[in-house]
Amino acid sequence: FAVIGANSLAGIFSFRNFREPIWRLNPFANPLLVIAVSAAFLLMVLPLYLPPLQNMLSTVPLGAGDWALVGAVSLLTVMIMEAVKLVYRRRLTGLQA
């Protein structure tokens, strides 16, 4: 649950621009996107730590190692997206030459 949610939220920032790498983009250039991603992350975390939602959804709190795994998978996915964008940019440059 957390991997899928965090993975999607991290990928949003990579998909903002298909021509520029994520590290060249200002993550705060679109404040509404930052607010939406923050709110979505909060809504994802609440069922993991709020007892009434834990009972309703049968979730358990994640430990530090679990969050490290969630972060690693999300980072790996963003790196794969950036690699695809790099290949795309290089093909575009090759076609324009």
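Up top you'll find the structure we're talking about.
Because the structure is predicted, anything quoted here is derived from the model rather than measured. What you see as residue numbers is a count from 1 along each chain, following the sequence as written. Since the coordinates come from a predicted model, pLDDT governs what is reported: local features require at least 70, and pairs of side-chain atoms require 80 or more to be given and counted, while whole-chain, interface and lining totals use all residues. Side-chain numbers come from the whole structure's heavy atoms, not from hydrogens or water.

Draft legend 1. Structural view of the overall build of the protein. Runs of E in the DSSP output that reach at least two residues are strands. Runs of H or I that reach at least four are helices, and both are numbered from the N terminus. Secondary structure summary: the protein contains four helices and zero strands in total. Counting helices and strands in the order they occur from the N terminus, the protein gives α-α-α-α. In this treatment the radius of gyration is a C-alpha quantity, and the globule benchmark scales as 2.2 Å times the residue count to the 0.38 power. Against the 2.2 N^0.38 benchmark of 13 Å for 97 residues, the protein shows a C-alpha radius of gyration of 17 Å, more extended than a compact globule. Restricting to contacts in the protein with at least 6 residues of sequence separation, those with at least 24 account for 58%. Contact definition: two residues touch when any of their heavy atoms are within 4.5 Å.

Draft legend 2. View of helix α2 (residues 31-49). Helix span, as expected, comes to 1.5 Å for every residue beyond the first. Under the 1.5 Å per step criterion, the end-to-end length of α2 is 27 Å for 19 residues, consistent within 8% with the ideal 27 Å. For the exposure calls, accessible area comes from a 1.4 Å probe over protein chains only, and a residue counts as buried if that area is under 20% of its type's maximum, exposed if over 50%, partly exposed in between. By the burial criterion, the buried members of α2 are L33, V34, V37, M44, V45, P47 and L48. Seen end-on, α2 carries its buried residues on one side only, within an arc spanning 160°. Looking at α2, the residues exposed on the side facing more than 90 degrees away from the buried face are L32, I35 and L43. By construction, the arc corresponds to the directions joining the helix axis to the C-beta atoms.

Draft legend 3. Quick look at the nonpolar core. Listed in full, the six residues of the largest apolar core are A2, A6, M44, V45, L48 and V70. For this core, the elements supplying multiple residues, two or more each, are α1 (2-14) and α2. Of the residues forming this core, the biggest block, three residues, is contributed by α2. Residue types Ala, Val, Leu, Ile, Met, Phe, Trp, Tyr and Cys, when buried and joined through side-chain atoms within 4.5 Å, form a set referred to as a nonpolar core. L9, F13, L33 and V37 belong to the second-largest nonpolar core, a separate cluster that totals five residues.

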